[in-house]
Amino acid sequence: MKKPEFTVRPVASSARPIIYDESLCIGCNRCASVCQCDILLPSETKGKPPVVMYPGECYYCGACVMACPVKGAVRLEHPLMNRAKFVPVREK
């Protein structure tokens, strides 16, 4: 079988929704297979984390984190505006 003649490179973006810990990731690509947005492509190097393509398209659903067999190998980094916590207002 002929090897494809293209290289997978991530698109530049200010969003970094998916963070891999390369010391923990085993390169199983389960996260890429469950991604609803199809933004993860398997790495060309065996045992390396997938390439995050078009990170701005991530839904932050967490399917990639839940599918990972190694705890802490992949995590979501939500945008700052989505990290707000609502605190109830106390009336005096």
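Values in this document were obtained by computation on a predicted structure and should not be read as measured data.

### Quick word on the overall build of the protein chain
Step number 1: In terms of regular secondary structure, the protein chain is built from two helices and four strands.
Step number 2: Along the protein chain, helices and strands appear, N-terminal first, in the series β-α-β-β-α-β.
Step number 3: Counting every position in the protein chain, which comprises 92 residues, the buried fraction comes to 28%.
Step number 4: Considering only contacts in the protein chain between residues 6 or more positions apart, those separated by 24 or more positions represent 55%.
Step number 5: Carbon and sulfur atoms make up 55% of the accessible area of the protein chain, which totals about 7400 Å².

### Some words on the nonpolar core
Step number 1: Counting 15 residues, the largest nonpolar core has Ile-18, Tyr-20, Ile-39, Leu-40, Val-52 and Cys-64 as its most contacted members.
Step number 2: Those elements giving two or more residues to this core turn out to be β1 (18–20), α1 (30–34) and β4 (74–76).

### Describing the pattern of salt bridges
Step number 1: Per the stated rule, a full pass over the model turns up two salt bridges.
Step number 2: We note a salt bridge from Arg-75 to Glu-77, for which the minimum N-O separation is 2.6 Å.
Step number 3: Arg-75 sits in the partly exposed class, given a relative accessible area of 45%.
Step number 4: Given the relative accessible area of 27%, Glu-77 is considered partly exposed.

### What about the environment of Asp-38?
Step number 1: Among the secondary structure elements, Asp-38 is positioned in the loop between α1 and β2 (40–41).
Step number 2: In sequence terms Asp-38 and Cys-58 are 20 residues apart; their C-alpha atoms lie 8.7 Å from each other.

### Some remarks on unusual backbone geometry
Step number 1: In this structure, Asn-29 takes a positive phi of about 65° despite not being glycine.
Step number 2: With respect to the helices and strands, the residue Asn-29 is situated in the loop between β1 and α1.
Step number 3: Residue Asn-29 is classed as partly exposed on the basis of its relative accessible area of 23%.
Step number 4: The phi torsion at Tyr-60 lies on the positive side, around 60°, for a residue other than glycine.
Step number 5: As for its placement among the helices and strands, Tyr-60 is situated in the loop between β3 (51–52) and α2 (63–67).

The rules we used
- Residues numbered from 1 in each chain as written.
- Predicted model: local features only at pLDDT ≥ 70, side-chain atom pairs only at ≥ 80, totals over all residues.
- Heavy atoms only, no water.
- Helix = DSSP H or I, 4+ residues; strand = E, 2+ residues; numbered from the N terminus.
- Buried < 20%, exposed > 50% of the residue type's maximum accessible area, 1.4 Å probe, protein only.
- Contact = heavy atoms within 4.5 Å.
- Areas by Shrake-Rupley, 256 points an atom, 1.4 Å probe, with all protein chains shown as cover.
- Core = buried A, V, L, I, M, F, W, Y, C linked by side-chain atoms within 4.5 Å.
- Salt bridge = Lys/Arg side-chain N within 4 Å of Asp/Glu carboxyl O.

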